[in-house]
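What follows is the residue order along each chain.
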Amino acid sequence: MRRAHSLGIRLAASLLVLGTVAACGPSLPPVPDGVSTISGYAEHLRDTGFSGAFLADHPGGTDAHALGLADRKTGTGNEVGTAFDIGSIAKSFTAAAVLRLVDGGLLGPETTLGELLAEVPADKREITVRQLLEHTSGLAEYHDTEGDFEPMSRAAALRRILGQELKFRPGTGEAYSNSGYTLAAILVEEVTGRTFTAVVGDLFAAAGLEHTGFYGSETLRAIPVATGYEGSVHGRNNPAYWEPTWALLGGGGIAATVRDLRTWWQALRESTLLRPESTRLLLDAVAPEQTVDGVRGRGTSGLNDFGFGATIVQLERPRAVLVVASNANSPEDEITTEVGLVLAQLLAG
């Protein structure tokens, strides 16, 4: 089954929102008939049963809308301040944590596993930090056998990942690898001597993210968090009560509000957290630039089996950041991707 940190369509090193459409069809999804404004699209989404929130930050201002229910049992509605599982968008935080160490001179993009870890198998000794982030390491997609909530220690995750058979010789191909990002998170701990969650927590603080947290964290317990629908169920089906595990850490396991995701992406875009060269490496790794139907931008997306989806689209003309999150996203659909692309067209004309 698809996992909490997988993307709706695995096409390349990361799911480029605009690239998804380019690869799967000849054009962007159509703008609904009669819709010409963002507020009009919000009404359309309300009428068609969309559940979630979206935010469009553009030269004319900021449009933010929340629709549907965060909790169907209590009738609690979604708000712009409701947090949603963000799936593989969490990888942008992992990449930033690694690249801050690069900026600090503690490792380099070309530093190898053999230089950082003891007892690395010969076929994996030359895997570089860059290859982990760019999905060119040859590592497999997953290292779990039971899904994202499989209890797993860091030591067990490292043993499984290093024991994988490589898909190709490092640097000679490209294959989406959640295991690679879990290994990157382990490297953060090895280099810093701190927990990965604490290091990324520093990133949350540096970027001014007050409504973003790991599964089961005190942060999520203190804010509104949506329950997932239209998919599988795990426990209360709410990230505030899900347990983090090394089956998932590094590749997923984070929930955030659309406002915080907008703030995060602007910090990345403006290189306020990383040096420009590290920012470029991160963006190219998790959200490569592409042009589709004359719309130029970047995008990244996440989807899980438990009803959650999230998408970020960055446009160049007009300069805008669009964030969409849903808690009623069927695993078979790409609801947030479609919403993000329609918003992009409305802004780009």
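A. The pattern of salt bridges, seen in detail. Counted under the stated rule, the structure contains 14 salt bridges. With a shortest N-O distance of 2.9 Å, glutamate 230 and arginine 72 are connected by a salt bridge. Taken together, the positions of glutamate 230 in the loop between helix 9 (218–221) and strand 7 (254–256) and arginine 72 in the loop between strand 3 (69–71) and strand 4 (76–77) put the pair 158 residues apart, joining distant regions of the chain. Notably, a salt bridge pairs glutamate 110 with arginine 130, separated by 2.6 Å at the nearest N-O pair. With a gap of 20 residues between them, glutamate 110 in the loop between helix 3 (91–103) and helix 4 (113–116) and arginine 130 in helix 5 (residues 129–134) connect regions that are remote in the sequence.

B. Region of the structure containing helix 7 (residues 178–192). End to end, helix 7 covers 22 Å across 15 residues, agreeing with the expected 21 Å (1.5 Å per residue, within 8%). Of all 15 residues that make up helix 7, twelve are buried, and the element is covered over most of its length. Three or more residues of helix 7 are buried, namely Asn178, Ser179, Gly180, Tyr181, Thr182, Leu183, Ala184, Ala185, Ile186, Leu187, Val188 and Glu189. Contacts made by the buried residues of helix 7 are with helix 3, helix 4, helix 5, helix 6 (154–162), helix 8 (196–207) and helix 11 (276–286). Between the side-chain oxygen of the N-cap and the backbone nitrogen of serine 179 there are 3.5 Å, and the N-cap of helix 7 in question is serine 177. Looking one or two residues beyond helix 7, the residue adopting positive phi is glycine 193, at roughly 75°.

C. Examining unusual backbone geometry more closely. Put simply, arginine 317 and proline 318 share a cis peptide bond, and its omega is -5°. In this structure, proline 318 sits in the loop between strand 10 (309–315) and strand 11 (320–326). Unusually for a residue other than glycine, histidine 135 sits at a positive phi of about 60°. By the element assignment, histidine 135 lies in the loop between helix 5 and helix 6. Owing to a relative accessible area of 2%, histidine 135 belongs among the buried residues under this scheme. A positive phi angle, near 55°, is found at serine 271, a position not held by glycine. Relative to the helices and strands, serine 271 is located in the loop between helix 10 (258–269) and helix 11.

D. Geometry of the sheet that holds strand 1 (residues 52–58). Read from one edge to the other, the open sheet built from six strands follows the order 2-1-11-10-9-8, with strand pairing classed as antiparallel. The open sheet has two free edges, formed respectively by strand 2 (61–67) and strand 8 (290–292), since each of these has just one partner strand. When the angles between neighbouring strand axes are averaged without regard to direction, this sheet yields 20°. For strand 10 and strand 11, the ladder comprises seven bridges, and the chain directions are antiparallel. Within strand 11, the residue paired with valine 313 across the bridge is leucine 322. Against the sheet, helix 2 (residues 38–47) makes contact with strand 1 and strand 2, and its axis sits at roughly 10° relative to strand 2, the strand it touches most.

E. Seen up close, the packing of helix 3 against helix 7. Direction vectors running N to C along helix 3 and helix 7 enclose 35°, while the axes themselves pass 10 Å from each other. Viewed along their axes, helix 3 and helix 7 form a crossing whose handedness is left-handed. Listed contacts from helix 7 to Lys91, Thr94, Ala95, Ala97, Val98 and Leu101 of helix 3 are Asn178, Tyr181, Ala184, Ala185, Val188, Val191 and Thr192. Residue composition of the contact of helix 3 with helix 7, grouped by class: nine nonpolar, three polar and one charged.

F. How the structure looks around the packing of aromatic side chains. Under the criterion given, the structure shown has eleven aromatic pairs. Where phenylalanine 196 meets phenylalanine 214, the ring centres are 6.0 Å apart and the plane angle is 70°; that geometry is what we call edge-to-face. Taken together, the positions of phenylalanine 196 in helix 8 and phenylalanine 214 in strand 6 (residues 212–214) put the pair 18 residues apart, joining distant regions of the chain. The exposure class assigned to phenylalanine 196 is buried, which follows from its relative accessible area of 2%. What links up through ring pairs into an aromatic cluster is the set Phe93, Phe196, Phe204, Phe214, Trp246 and Trp264. Here the basic side chain of arginine 72 rests over the ring of tyrosine 229, its NZ or CZ set 4.2 Å away from the ring centre. The side chain of lysine 91 reaches across the aromatic face of tyrosine 181, ending 5.9 Å from its centre.

What counts as what
Residues numbered from 1 in each chain as written. Predicted model: local features only at pLDDT ≥ 70, side-chain atom pairs only at ≥ 80, totals over all residues. Heavy atoms only, no water. Salt bridge = Lys/Arg side-chain N within 4 Å of Asp/Glu carboxyl O. Helix = DSSP H or I, 4+ residues; strand = E, 2+ residues; numbered from the N terminus. Expected span 1.5 Å × (residues − 1). Buried < 20%, exposed > 50% of the residue type's maximum accessible area, 1.4 Å probe, protein only. Contact = heavy atoms within 4.5 Å. Polar contact = N/O pair within 3.5 Å; in protein donor to acceptor, adjacent residues only side chain to side chain. Pairing = 2+ DSSP bridges. Axes fitted to C-alpha atoms, helices over the stretch in contact; angles between N-to-C directions. Left-handed = near helix turned anticlockwise from the far one by under 90°. Nonpolar A, V, L, I, M, F, W, Y, C, P; charged D, E, K, R; others polar. Phe/Tyr/Trp six-rings, centres within 6.5 Å; stacked < 30°, edge-to-face > 60°. Lys NZ or Arg CZ within 6 Å of the ring centre and 35° of its normal.

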